[in-house]
Amino acid sequence: MLALLCGLLPMGMSAQTFEMNDEAPNNPNNEPRPCHPVPSERQILWNETEFYAFYHYGMNTFTGKEWGNGDEQESLYNPLGKPDPEQWVTSVKAAGMRGGIAVVKHHDGFCLWPTSTTEHNITKGSGAYHNTNIADEFAKASKKHKMKYGFYVSPWDCNSIHYGTDKYVTDVFLKQCEELATYGSDQFEMWFDGANGGKGYYGGRNTNVSVDASIYYDIPNLRAKVHTIAPNCVMWGVGNEARWIGNEAGYSGVTCWAMGDRESGDINGWYWHPGESDAKATSGGWFWHSGETMKSSDLLFKTYLETVGRNATFILNCPPNNYGILPDATVNELKALGQKLHDRLGLDVYGITTPGATDYAKTATITANEERTGGNYQASLVADGNKDTYWAVNDESHTGEITFEWDAQKTIRYVVLQEPIRLGQRVKDFKIEYSTDGNSWTELASGITTTIGYKRIIPLNGDTANSYGTGYKAKKLRISITDSRACPLISNINIF
Ligand code: FUL
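Residues numbered from 1 in each chain as written. Predicted model: local features only at pLDDT ≥ 70, side-chain atom pairs only at ≥ 80, totals over all residues. Heavy atoms only, no water.

**Student:** Mind showing me how you'd approach the overall build of the chain here?
**Tutor:** Looking only at helices and strands, the chain features 9 helices and 22 strands. Whereas a compact globule of 496 residues would reach a radius of gyration of roughly 23 Å, the chain reaches 24 Å, a difference of no more than 12%. Its C-alpha atoms put the chain at 75 × 55 × 35 Å along the principal axes. Expressed as a percentage of the 496 residues in the chain, the buried residues total 58%. The contacts in the chain between residues at least 6 apart in sequence include a share of 72% that link residues at least 24 apart. Put simply, the chain has 44 plus and 58 minus side-chain charges, and the middle of one group is 3 Å from the middle of the other. (Helix = DSSP H or I, 4+ residues; strand = E, 2+ residues; numbered from the N terminus. Rg over C-alpha atoms; globule rule 2.2 N^0.38 Å. Buried < 20%, exposed > 50% of the residue type's maximum accessible area, 1.4 Å probe, protein only. Contact = heavy atoms within 4.5 Å. Lys, Arg positive; Asp, Glu negative; His and termini not counted. Charge placed at Lys NZ, Arg CZ, Asp CG, Glu CD.)

Have a look at this one:
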């Protein structure tokens, strides 16, 4: 019997249609049914960006503030050199990042592109370099270097006299988002903060304006308008297509579902709402302030393991300075981070030509206790480098064991696992064991092996802060899925 069911999603998000096919007459490859909810195509593409930059730059860079009041004189925006978004983009690419979000309007309302919506923008700045159109140059540099890109546009605007009225939403905010969307139809994310208003200048009203962000900004309409121009642009935060991970310290839950909210998500969440973890690469605020220092590449590597390695994306703030560039200290530490990601996790990193960490999954003999009948679902597919193929067991099984064996011992420190999320996030619990002699087994990283999702990176010593230890000499490695919402599917495993 064929039944068509429609997933219920928040207004404005595309409804997921799927088939329940009990007798499977039209399913010659015995494809597993999706385990709902599932992501939209744009959410899948967004997830694949994994690690990207945040660039907080604007009026605050020149006033020393973190939150402006909205009454800052435009002439205070006075870059001491020509802002160079291409330098931002290439610097973060060398850290293994795949994109970035430029803040082009913060809560003070000052716009870094020549917008038609307000006079409070770069054209009224001062000095020789104020007219650099940051949105345009950032989009162009990103395209040139094959990096994904998007914009942070603050819904809260303490400069606008209209803030709090419908006119602000239709004639200012929505228009700004539309203007920004036209800087590239291939944008991957638009970032909005919580934005319930607060104290500000508001065109001289000098008052407190509070709004209810969940209704005031007409999000369904905004989402539809932006998607018409930029179809793959995930609307973060109030846009409801990706969630804040719940802290600004750069960590996700050890258990992390792509449904629900905050660090751990919710196994019973009814729509796909994946986590993005934001953190600062520098010691102080989101904006550049003289004297603040850069975090070490070791700390950033740990943060990477606790974000990308725990089924969240990682947006790392790298603030350009008052010359409009990333300072040397930032550039150098980003490079060191890229080197670590390459040497330890085999990441392909821009500018590095030395061989990266060896993926021992590629040379192992791979077997499983069960392989799904019909179609191609062999265990060996986890190492074929193709994200669309996967190892699967039969519908009746909610467990499964996959084993890697080598001719000689390999020294291993990390295991990377991925589920084919277009069929939903399934795995609830798993176990990793290794064997030095091929007979006796020892469990590793016990207690942290719960969910997988888009990506999970397990440091085998269980310690994200000191993960690159002496390693384990393994003749065999066994991964046992011990609990799953439906038959487990694994698309990729790397062993470094
Ligand atoms: C918050 C803002 O209030 C901060 O200034 C910063 O931009 C952070 C990333 O988002 O909502």
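**Student:** Explain the domain arrangement of the chain here, please?
**Tutor:** Each assigned domain of the chain is listed here: domain 1 (41-345) and domain 2 (360-495). Centre-to-centre separation of domain 1 and domain 2, based on C-alpha positions: 35 Å. Across the contact, 24 residues belong to domain 1 and 24 residues belong to domain 2. Among the residues of domain 1 in contact with domain 2, Val-254, Trp-257 and Leu-305 are the three that bury the most area, contributing 22% of the side total. Summed over the shared surface of domain 1 and domain 2, the result is 3 salt bridges. (Domains from an automatic or database assignment. Buried area = accessible area lost by both parts, 1.4 Å probe. Salt bridge = Lys/Arg side-chain N within 4 Å of Asp/Glu carboxyl O.)

**Student:** For this particular structure, what's the right way to read the site of the ligand?
**Tutor:** Close to the ligand lie Phe-54, His-56, Trp-67, His-106, His-107, Tyr-152, Trp-191, Asp-193 and Trp-286, which account for all nearby residues. Measuring from an oxygen atom of the ligand, one finds a side-chain N or O atom of His-106 at 2.9 Å. In this structure, His-107 approaches the ligand through a side-chain N or O atom, which is 2.8 Å from an oxygen atom. If the ligand stood free it would expose 290 Å²; the protein chains cover 88% of that surface. Grouping the amino acids of the shell around the ligand by side-chain chemistry returns 5 nonpolar, 3 polar and 1 charged. (Near = heavy atom within 4 Å. Polar contact = N/O pair within 3.5 Å; in protein donor to acceptor, adjacent residues only side chain to side chain. Areas by Shrake-Rupley, 256 points an atom, 1.4 Å probe, with all protein chains shown as cover. Nonpolar A, V, L, I, M, F, W, Y, C, P; charged D, E, K, R; others polar.)

**Student:** Before we go on, may I ask you to explain the pairing of strand E7 (residues 197-200) in this structure?
**Tutor:** For a regular strand, side chains alternate in direction, first toward one face of the sheet and then toward the other. Two elements, E7 and strand E8 (residues 207-210), share 4 bridges in a ladder whose sense is antiparallel. Bridging from a neighbouring strand, Gly-200 pairs with Thr-207 of E8. In this antiparallel pair of consecutive strands, E7 and E8, the connection spans 6 residues, and Tyr-202 shows a positive phi of 45 degrees. (Pairing = 2+ DSSP bridges.)

**Student:** Is there a simple way to think about the packing of helix H5 (residues 166-181) against helix H7 (residues 219-229) in this case?
**Tutor:** Packed helix pairs are characterised by how far apart their axes lie and by the angle those axes make with each other. At a closest axis distance of 9 Å, the pairing of H5 and H7 adopts a crossing angle of 20 degrees. What the angle tells us is that H5 and H7 run roughly parallel. Remark: the crossing between H5 and H7 carries right-handed chirality. In this structure, H5 contributes Phe-173, Leu-174, Cys-177, Glu-178 and Ala-181 to the contact, and H7 contributes Asn-221, Leu-222, Lys-225, Val-226 and Ile-229. (Axes fitted to C-alpha atoms, helices over the stretch in contact; angles between N-to-C directions. Parallel < 35°, antiparallel > 145°, perpendicular 65-115°, else oblique. Left-handed = near helix turned anticlockwise from the far one by under 90°.)

**Student:** Please explain the packing of aromatic side chains as it appears in this structure.
**Tutor:** The geometry of an aromatic ring pair comes down to the distance between the two centres and the angle between the two planes. Within this structure, the stated rule accounts for 33 aromatic pairs. When the centroid spacing of 5.2 Å and the interplanar angle of 45 degrees are considered together, the rings of Tyr-77 and Phe-110 count as tilted. Separated by 33 residues along the polypeptide, Tyr-77 in the loop between helix H2 (59-63) and helix H3 (85-93) and Phe-110 in the loop between strand E4 (99-105) and helix H4 (134-144) bring together distant segments of the chain. Across the pair, exposure class does not vary: Tyr-77 and Phe-110 are buried alike. Ring geometry for Tyr-168 and Tyr-216: centres 6.5 Å apart, planes at 10 degrees, overall stacked. Of this pair, Tyr-168 sits in helix H5 while Tyr-216 sits in helix H6 (residues 213-216); the two residues are 48 residues apart in sequence, bridging distant segments of the chain. Side by side, Tyr-168 and Tyr-216 carry an identical accessibility label, which is buried. (Phe/Tyr/Trp six-rings, centres within 6.5 Å; stacked < 30°, edge-to-face > 60°.)

**Student:** In this structure, what is going on with the packing of H3 against H4? I would like to understand it.
**Tutor:** Between H3 and H4, the least distance of the axes is 8 Å, while the angle of their chain directions is 40 degrees. As far as their axial angle goes, H4 and H3 are oblique. Of the two elements, H3 crosses H4, and the hand of that crossing is right-handed. Along its contact with H3, which presents Pro-85, Glu-86, Trp-88 and Val-89, the element H4 presents Ile-134, Glu-137, Phe-138, Ala-141, Ser-142 and Lys-144. Here the contact of H3 with H4 is composed, by residue class, of 6 nonpolar, 1 polar and 3 charged.

**Student:** Explain the nonpolar core here, please?
**Tutor:** Ranked by size, the top nonpolar core spans 78 residues in total, and within it Met-97, Met-190 and Tyr-217 carry the most contacts. By residue number, the principal contributor to this core is H5, which donates 8 residues. Split by domain, the residues of this core number at least three in each of domain 1 (41-345) and domain 2 (360-495). Residues Leu-477, Ile-479, Cys-487 and Ile-490 belong to the second largest nonpolar core, which totals 37 residues. (Core = buried A, V, L, I, M, F, W, Y, C linked by side-chain atoms within 4.5 Å.)

**Student:** How should I be thinking about the sheet that holds strand E18 (residues 442-444) in this particular structure?
**Tutor:** The strands that make up a sheet are held in pairs by hydrogen bonds between backbone atoms, and each pair lies either parallel or antiparallel. Spatial ordering of the open sheet is given by E13-E15-E20-E17-E18, a layout of 5 strands whose pairing is antiparallel. The open sheet terminates on both sides in strands that have one partner only, identified here as strand E13 (365-368) and E18. For this sheet, the mean angle separating the axes of adjacent strands, direction not counted, is 25 degrees.

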